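# Architecture at a glance
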Amino acid sequence: MKQFLFTILISIQLFASLEEIVSFEADFTQSITDEKDKVLIYNGHVTALKPQNAKWSYTKPVHKDVYINNFEVTIVEPEIEQVLIKRLKSNFDFFKIISNAKKIDENVYTAYYRDSKFSIVKNGNLIESISYLDEFENKVTITFKNQKQNHDLDKSLFTPSFPLEFDIIRD
């Protein structure tokens, strides 16, 4: 679970502010490759709004919605009728961290966070992918398609929504 949340939080940080991005929306494919070259692939849609609002809607292989608001993460898992609410302990601004990314090639940037190195690839003004090694030394690559940046988003998109009969776990 910690790795999953770390992946989500870092991803938000990375696409957040390279060119003063205030909102971001895209379809994504997230691949996680372990040390034995076993690959897990997730697909979905991400929406984010400055300062710290995001919704990651995973559609494959399972449906899951992950809401990030300020310092709280809410994970809604309809298949098991469960909601996990976790308070984030960090006190940093996701959008400011990425502003420290350094250009290393035409469309390639590098950012460092918590002893991890992140590679960011852009295509024009749009972020195309983010790659890094997670805390378990898995290679994580998130590729974005159908990106939209700096457009109006309804803040209600970031309010967790789930049936009241779901089990709620507070961590």
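Analysis parameters
- Residues numbered from 1 in each chain as written.
- Predicted model: local features only at pLDDT ≥ 70, side-chain atom pairs only at ≥ 80, totals over all residues.
- Heavy atoms only, no water.
- Helix = DSSP H or I, 4+ residues; strand = E, 2+ residues; numbered from the N terminus.
- Buried < 20%, exposed > 50% of the residue type's maximum accessible area, 1.4 Å probe, protein only.
- Contact = heavy atoms within 4.5 Å.
- Areas by Shrake-Rupley, 256 points an atom, 1.4 Å probe, with all protein chains shown as cover.
- Polar contact = N/O pair within 3.5 Å; in protein donor to acceptor, adjacent residues only side chain to side chain.
- Pairing = 2+ DSSP bridges.
- Salt bridge = Lys/Arg side-chain N within 4 Å of Asp/Glu carboxyl O.

## Re the overall build of the protein
Scanning the protein for helices and strands turns up two helices and twelve strands. Along its sequence from the N terminus, the protein presents helices and strands in the succession α-β-β-β-β-β-β-α-β-β-β-β-β-β. With 171 residues in all, the protein has 49% of them scored as buried. Considering only intrachain contacts with a sequence separation of at least 6, the fraction spanning at least 24 residues in the protein is 51%. Total accessible area on the protein is roughly 9400 Å²; 49% of this is exposed by carbon and sulfur atoms.

## Digging into the environment of Asn146
Its location among the elements puts Asn146 in strand β11 (residues 139-149). Overall, Asn146 belongs to the exposed group, its relative accessible area being 55%. Linking Asn146 and Ala26, residues 120 residues apart in sequence, is a C-alpha distance of 5.3 Å. Leaving out residues up to four positions away in the same chain, Asn146 has contacts with Glu25, Ala26 and Asp27. A polar contact of 2.7 Å, which involves the side chain of Asn146, links it to the side chain of Asp27.

## Focus on the pairing of strand β10 (residues 126-133)
Inspection of the sheet shows strand β9 (residues 116-123) paired to β10 by six bridges, in the antiparallel sense. If you follow Ser119 over to β10, its bridge partner there is Ser131. What sits between the antiparallel neighbours β9 and β10 is a turn of two residues, in which Gly124 has the positive phi angle 70°. Across five bridges, β10 lies against β11 in antiparallel orientation. Looking at the pairing, Tyr132 lines up with Val140 of β11.

## Brief notes about the pattern of salt bridges
Tallied over the entire structure, the rule returns two salt bridges. In this structure, the salt-bridge partner of Glu77 is Lys64, at a minimum N-O distance of 3.7 Å. Here Glu77 is found in strand β5 (residues 72-77), whereas its partner Lys64 is found in strand β4 (residues 64-69), with 13 residues between them in sequence. Just as Glu77 is buried, Lys64 falls in that class too. Among the salt bridges present, the one from Lys86 reaches Asp171, with a minimum N-O distance of 3.0 Å. One end of the pair, Lys86, is in strand β6 (residues 82-87); the other, Asp171, is in the segment after β12 (167-170), with 85 residues separating them in the sequence. In this structure Lys86 comes out as partly exposed when scored by relative accessible area, which is 23%.

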